[in-house]
Each structure stands twice: as C-alpha cells, then as structure tokens.
Amino acid sequence: MTKYLIRRILMVVGVLWMVSTLTYFTVHVTPGDTATAVLYELYGEDAVNTENLERVREKYDLNESVFKQYAEWVKNAFTGNFGTSYRYNKPVSYMIGLRLPNTLKLGITAFIFSVLIAIPLGVISALQHNKLFDHISRIFVLITSSFPAFWVAIVLIIVCALKLKLFPVSGMDSPQSIVLPALTLSLGMIATTTRMMRASMLDVMSQDYIWVAKAKGLTRNKIIVRHILRNAIPPIISVLGLQIGHILGGAVVIENIFSWPGVGGLFIDAINAKDMPMIEGCVLVIAFGYAAINLVVDIIYAAINPEIRYSGEAKK
Amino acid sequence: MLLEINNLCKDYSTGFLGNRKIHAVDDVSLCINEGEMFGLIGESGCGKSTLTKMILGLIKPTDGSIKYNGEEISNLGEKQWLPLRKEIQAVFQHPQMTFNPKKNLYYSCAEPLRLFDMCDKSSEEYLVREMTECVGISFDQLKKFPHEISGGQAQRISIARALSLNPRLLICDEPTSMLDVSVQAQILRLLMQANKEQNVAMLFISHDLEVVHAVCTRVAVMKEGKIIETGTVDEVFENPKEEYTKKLLNARIEI
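Residues numbered from 1 in each chain as written. Chains lettered and ligands numbered in written order. Predicted model: local features only at pLDDT ≥ 70, side-chain atom pairs only at ≥ 80, totals over all residues.

Draft legend 1. Highlighting the overall build of chain A. From N to C terminus, chain A includes 12 helices and 0 strands. The linear arrangement of helices and strands in chain A, starting from the amino end, is α-α-α-α-α-α-α-α-α-α-α-α. Considered along the principal axes of its C-alpha atoms, chain A spans approximately 85 × 60 × 30 Å. Classification of the 316 residues of chain A by burial places 33% in the buried group. A sequence separation of at least 24 residues applies to 72% of the contacts in chain A between residues at least 6 apart. (Helix = DSSP H or I, 4+ residues; strand = E, 2+ residues; numbered from the N terminus. Buried ≥ 20, exposed ≤ 12 C-beta atoms within 10 Å, placed from the backbone. Contact = placed C-beta atoms within 7 Å.)

This is the structure we're talking about:
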C-alpha cells in the first residue's frame, strides 16, 4: 500500500511538471509581447512606450532567454516560490490562496448538486427500465447535456435572476448567489453520471447472483440495497472522479459569466495579460486538483472493491 | 406429485415495434415426483433457463399452470412466495457469478439462514461450517471472495447454500457444464448423495447426455421451447421415438 501510494504521488509530481512545462512554452510561442500585454492590461494603450517596456522587461527578467526564465521558474517552484504576478504585483501563491476557496466552494456545491440529482435519477431509471420514468429521465438528461453551459447560464440568469428575482445575477454577496453558477456547472455532469449509473445498475441486475438473491427469497428492497447498489456504485465512483476534473475546467468559464471571484477569473485575466507566473500557478492548481482527486478516487475504489488488490501486495 | 407443470408458455416480444413474438417456452407439461431425479435435455437456447426461472417464480408465465404440492404457484406474489423459497432452491450454471462479488462467501452462505431464521447468531457459524464441510470445503475458504476460488469450489458452495435450507425440490440449471470432467463427477456425486440422504427431488437440466444418463431416472427432451419426448432414462436412451432425440444420441456416439 505505501509503495503504491509513493509511486502514485511521484506520478502526480511528474504530471504537474509536464503540464507546467507544456504551458510555459505554449504561452511563450503565442503571438504578442509579454511586456506590451502587461502594460496594456494595467495602464491602457498610452502607457505602451519604449521606456516603459524596457522597465517592465528589466523588472521581470524578460530579456533573458525563455529557457533561462523557465529554469529559474522551476528552481523557485521547487522551493515553494511560484513567483510574483506581473499584473497584480503580488505573490502568485497569495493571489491563488485568496481565490481558491471560492472555486472550491463552487465546485463542491456543483458536485453535490449533480450527485443528488444524477444518482437517484439513474437508480430509479434502471429500476423502472423502459417505463415512463426511464423515458422522461432520458429526455431530461439529453436536454441538459446538449445545451452549452454558457448558454444555460445566460438563460438561468434571465429567467431565475432577472424575471423571477429568485437569485442574485452575479457575484457572491449572499448565500443564494451560489445556486445559479453551481447548478449550471453541475448540469454537464448530471447527464454522464445518470446514464452511467443506470447502465451500471442494469448490468448488475442481469447478473446471476441477483437471480439467486431473488430465489433465496430476499425482498426487493434488500436486493436493491445489499446486492445491486453495492455492486453498481463502485464503477460510478471513477466516473465521478473524472467529472470533478470537468468541474474544475468548467469553473473557468462559469466563474466569468457569474463574476464569481474564483481561480477561473484570475486565470482568464492572467492569459489576457500574458502574466506568466499567474498562468502557471492557475494551471498547476487545476492540474493538481485533477490528479489528486483521481488518486483519492482510485484509493476509495480499491478500498470498497475486494476484487482489486494493489499491485505489489497482490495474491497472498 | 411434487411439481406439476401443465401447458406452460412464455412469449417474448422482439422486433422493432415489439411485434414479433418468440415462444421461449411453448406448451410444456411435465411432472416430478417426491424424491425423483428428473432430467431435462436440450440444446442451448431451447428455453430451459426460461422454464427454470418460471418454476422459481422469477418471471411470470404467459399461460399455463405450475402446481407445487397440488397448489398453484405461478400467480403468487413476492410475499406469498416466501415460505416456498425454503422448499424450492436452485443451483445455476456459472458458479462464480451466482455469488455477490462484493461479499465474502460466508455472508452469501449465511444470508438464506438469517432470512428464514433457521438459527440464532451463535449457532449460525456452526451451521455454515457443517454445511460447507459436507460438500468438502474447509471453513477457512469462506473468508475469501468469489473471485478467489475455483469454479468447482464455488459450485460446491452454491450447492451447500441451496441444501442448507433443506429444500424438497432442487432445480439444477446446467450445474456441471462450466466445470472440467473430474470436478463434474464430484458435483454429481454430491447431488446424488443429497438426493439419497435428504430425499430432495431434482429437476436436472443439462445438455450433457452422459450426465443425465448417470444421474436421472426419468428424462424429457426439449426442442425449441417444446417437450418432444418424455420417458424413463432407459426408454429414451435405448429406444428413442423422436428423430431429434435419435440425432442427439447419435451425435454423442460419433464423438
């Protein structure tokens, strides 16, 4: 187990390194000069002149070769220093620390929404296989998954916030303001989770041991809880892990629409200003979230599934 | 007469609009006496498993009657079936797949005992130990999960599980077809022993003629959902009336 964990954690570090390297060089080859972008974003067009450009380049070591800059960044990153944002002139870790809790709040709420909707929907659909409920749920899921999130967001704002005045339009001033962004974010997840849950249930329900359980004389409810759900849920956990990854990615878009002060907004601003340390910081946070969640999912999956043993201590 | 089946039918609808009917079981009649070993022969897809599931009340027949001990059971609800579950038990074809993969074997064996209050907590372990040792499985094996044991062991445990409730009728749906020959013999011996000692009647479904010949006293031949020939094992094997039965028997000899 320890060996397995260490190996997996080293893999996470490897993934983070690859992601950050890729980001560094892709941002670098995108057209546009960093110093110009920073000046333009911060002080407007008038501030862009040779003198100011030179000062910015001097301040952030932009005159060095990209490889040297990159090496410097990696060296610092390993000591926990992720640099100073060009745009905000503050440490990247400080800015992210400020915004990350909001993103987590949004992501976790969206995740809870989607699980609360999708799991019961999938379970009931399977139990009512090919009956009315199943058809309705299929259509509902098809609708939620076919509409793009930004469009749903705008419709929700118009209907729920502007017309019905149930929730605030944007920001995070009141507790209710999380509902619309979280709902929008969760919609993309609901479809996949519902369909996977249904498929997994149906698969288990057709197994011989379910016939045996019926022949044993167990009641329907006991069969559902003890034998069907217990076997149908584990495959869903890995799906949920991947879905959380999508939530992190989706949050970038949704946060901007709803002016939610999370990492997503920071990320977009950083890209506009070619704010390299900030871009790297955001990418690392999202990649780390994704990798860490999937590690946790794998561990949970193995813990609840006796058929899986970690390689290394397999077969006694 | 323990089990009496009359004119039993099961149709399935298929096709794009559900407008094509398939007669999985078509007008089947047979009867099994107390303590009798009754064989049912037929190739795959001839409706044997559908018949099994109807006898076990797991699917409802389209038409016809199933009488157990003189009482009609084909239209009983889940609750009314409950006392009968103890008396009619089943052993299925794929041994490992008849166990919940997330539970250890002990749980699967003890569950029917708990369900019918056959014992209290303290004697449960003793009973489970006794019944598995009867089929030659050591108690330690029960701590394992279904994927950790062999097919033969799993089948023996599933027989032990079925017999633990002292059933009067055991439905064996191809109990040996997934096992290799040496293990097959053990399983058959076990079933015959149960038949002798506990006087369990068996509906023994198989496509393996040798096995049916060895185990059963009477036999029925099923083809495309219909029973085409019935008789004692000797009658049917020595002197088959139907062309299909002859072909089955010849196929055996050619191999």
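After presenting the structure, the write-up continues.
Draft legend 2. Up close: the nonpolar core. In this structure, C282(A), I171(B), C172(B), M202(B), L203(B) and F204(B) are the most contacted members of the largest nonpolar core, which totals 132 residues. If near-sequence neighbours (up to four positions away) are discounted, C172(B) is found in contact with V91(B), L191(B), M202(B), L203(B), F204(B) and I205(B). (Core = buried A, V, L, I, M, F, W, Y, C linked by C-beta atoms within 7 Å.)

Draft legend 3. Highlighting the packing of helix α2 (residues 34-43) of chain A against helix α3 (residues 50-59) of chain A. Residues and elements named next belong to chain A. Running from amino to carboxyl end, α2 crosses α3 at an angle of 110°, the nearest separation of the two axes being 9 Å. In terms of their interaxial angle, α2 and α3 are classed as roughly perpendicular. Here α2 contributes A35, T36, V38 and L39 to the contact with α3, which in turn contributes N52, L53, V56 and R57. For the contact of α2 with α3, the residue count by class is 5 nonpolar, 2 polar and 1 charged. (Axes fitted to C-alpha atoms, helices over the stretch in contact; angles between N-to-C directions. Parallel < 35°, antiparallel > 145°, perpendicular 65-115°, else oblique. Nonpolar A, V, L, I, M, F, W, Y, C, P; charged D, E, K, R; others polar.)

Draft legend 4. Helix α8 (residues 179-205) of chain A, seen in detail. For α8(A), the principal kink sits at M189(A) and spans about 35°. Counting buried residues in α8(A) gives 19 out of 27 residues, a clear majority hidden from the surface. (Bend = angle between axes of the 7 residues up to and from the residue.)

In short, shape yes, function no, at least from these values alone.
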